[in-house]
Amino acid sequence: QVSNGSVKKIQFEPYYSWIEFDKLESLKDARGDEQKQIESEWRTFVSKTLETAKSQIDFTNSDGVMIIFDPNSSYLRQSYAIFDEFIVNGKKISSVVMLGRSYVQVGLRSPYLVTHELGHLFGLPDLYPFQDSTDTVDYFSIMNKTAIGGIGFFGWERFILGWVDEPQIICHKAGEVLGNLVPLTKTNGLKMIAVPISSSQVLVVENRTKEGIDKMIPNPGIIAYVVDSSIEGGKNPIKVLNNKKPIKIGSSFIYDNVKIEVLKKKSKNNVKVSVS
């Protein structure tokens with residue numbers, strides 16, 4: 001649904017037994033710079049798991065792998081995605097998700113966590129910060145830590161994945177433009193107005209409503225956010241403007257040299273974007 005039919009089918013092929021091998025020296029949780037220091041240990045673990053499992057599991061038709069940890073183990077508690085190349089049964093596996101023991105232990109075994117991790121397999125970064133509690137996204141993307149629960153993806157994330165067609169976007173650089181932004185959950189219509197801010201930044205305006213995959217959004221409406229491609233995942237690469245709230249009908253918001261006005265409902269258009 002969130003891909004507007006672009007992803008026709010995702011097939012999970014579970015293996016219902018634990019993969020056992022000799023105990024590892026260590027396998028620790030980490031985020032940010034600490035994660036970079038110990039990712040080699042994770043890769044060793046993944047390689048060993050796949051190598052041990054290949055006699056029991058046929059990986060030749062797999063595009064990605066999810067490893068679920070024994071809840072009684074002392075290894076990873078949290079979940080992580082690894083983007084690397086693993087060769088097993090002659091098949092290249094380029095994305096692996098590790099679902100830590102808390103996935104089973106504390107009831108986090110939900111489709112929302114799996115969807116979040118699938119987002120990583122598709123190439124999307126974490127939108128929550130690894131080092132502190134600064135939240136710049138709120139409940140507008142499942143790639144944010146606080147949004148594990150019935151929320152879809154930003155329009156920009158969908159565009160990057162090829163789930164929003166270019167005719168459904170207005171790329172606006174100067175002057176005024178009017179548009180009738182339909183909810184992202186709709187199949188047809190204008191989905192986004194995007195304004196380049198710098199060589200790495202784009203300001204995006206979109207319409208989020210309590211429909212379909214987004215039915216749990218607490219603050220529906222027209223939102224504006226900035227995507228900065230120079231900022232890596234875990235360091236707030238997307239920031240929702242206007243204090244992470246929708247822009248009220250009949251009011252406006254200014255960021256940099258961009259003014260966003262949400263027009264009254266009587267108008268055939270619901271948004272005007274002006275770039276000075």
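Since the structure is predicted, the reported quantities are computational estimates derived from the model, not experimental observations.

Colleague: I'd like a rundown of helix α1 (residues 32–53), residues and numbers included.
Modeller: Because each turn of an α-helix spans 3.6 residues, side chains separated by three or four positions in sequence point in the same direction. Over its 22 residues, α1 extends 30 Å from the first C-alpha to the last, a length consistent with the 32 Å expected when each residue adds 1.5 Å. Along its length, α1 reaches its greatest deviation from straightness, about 50°, at Ile38. Restricting attention to buried positions, one finds in α1 the residues Gly32, Gln35, Ile38, Glu39, Trp42, Phe45, Val46, Thr49, Leu50 and Ala53.

Colleague: Mind laying out the packing of aromatic side chains, listing which residues take part and the relevant values?
Modeller: Here the structure, examined in full by the defined rule, presents seven aromatic pairs. Geometrically, the ring pair formed by Phe153 and Trp163 is edge-to-face, given 5.9 Å between the ring centres and 75° between the ring planes. With Phe153 in the loop between α3 (111–122) and α4 (155–160) and Trp163 in the loop between α4 and β4 (169–171), this residue pair connects regions lying ten residues apart in the sequence. Three or more aromatic residues joined by ring pairs form one cluster here, namely Phe122, Phe153 and Trp163.

Colleague: Tell me about the pairing of strand β12 (residues 271–275), and please be specific about residues and values.
Modeller: The element β12 is extensively covered by neighbouring structure, given that five of its five residues are classed as buried. Of the two faces of β12, the one lined by Val271, Val273 and Val275 and the one lined by Lys272 and Ser274 are each fully buried. Here strand β5 (residues 175–179) pairs with β12 via five bridges, running antiparallel. For Gly179, the partnering residue across the bridge sits in β12 and is Val271. Sheet topology places strand β11 (residues 258–262) next to β12; five bridges connect them, and they run antiparallel.

Colleague: Go over the pairing of strand β10 (residues 252–255) with me, naming the residues and quoting the values.
Modeller: By the bridge criterion, four bridges tie β10 to β11 in an arrangement that is antiparallel. Within β11, the position partnered with Ser252 by the bridge is Glu261. Counting the residues that bridge the hairpin from β10 to β11 gives two residues, and of these Asp256 lies at a positive phi of roughly 55°.

Colleague: Got a sec to walk through α3? Specific residues and values, please.
Modeller: Its twelve residues give α3 an end-to-end C-alpha distance of 16 Å, which sits within 8% of 16 Å, the value for a rise of 1.5 Å per residue. Within the sequence span of α3, burial applies to Leu113, Val114, His116, Glu117, Leu118, Gly119 and His120. Directly after α3, the chain includes Gly123, whose backbone phi takes a positive value near 110°.

Colleague: A description of the nonpolar core should follow, citing residues and the corresponding values.
Modeller: As a rule of thumb, soluble globular proteins bury nonpolar side chains together. With 24 residues, the main nonpolar core has Phe153, Phe154, Trp156, Val204, Tyr225, Val227 and Ile238 as its most contacted residues. Put simply, the parts of the chain that give this core at least two residues each are β6 (192–196), β7 (201–208), β8 (221–228) and β9 (238–240). Here this core takes three residues from β8, the largest share from any one element. What Val227 contacts, discounting residues up to four positions off in sequence, is Trp156, Ser200, Gln201, Val202, Val204, Pro237 and Ile238. Formed by 21 residues, the second largest nonpolar core is a distinct cluster that contains Leu27, Trp42, Ala53 and Phe69.

About the thresholds
- Residues numbered from 1 in each chain as written.
- Predicted model: local features only at pLDDT ≥ 70, side-chain atom pairs only at ≥ 80, totals over all residues.
- Heavy atoms only, no water.
- Helix = DSSP H or I, 4+ residues; strand = E, 2+ residues; numbered from the N terminus.
- Expected span 1.5 Å × (residues − 1).
- Bend = angle between axes of the 7 residues up to and from the residue.
- Buried < 20%, exposed > 50% of the residue type's maximum accessible area, 1.4 Å probe, protein only.
- Phe/Tyr/Trp six-rings, centres within 6.5 Å; stacked < 30°, edge-to-face > 60°.
- Pairing = 2+ DSSP bridges.
- Core = buried A, V, L, I, M, F, W, Y, C linked by side-chain atoms within 4.5 Å.
- Contact = heavy atoms within 4.5 Å.

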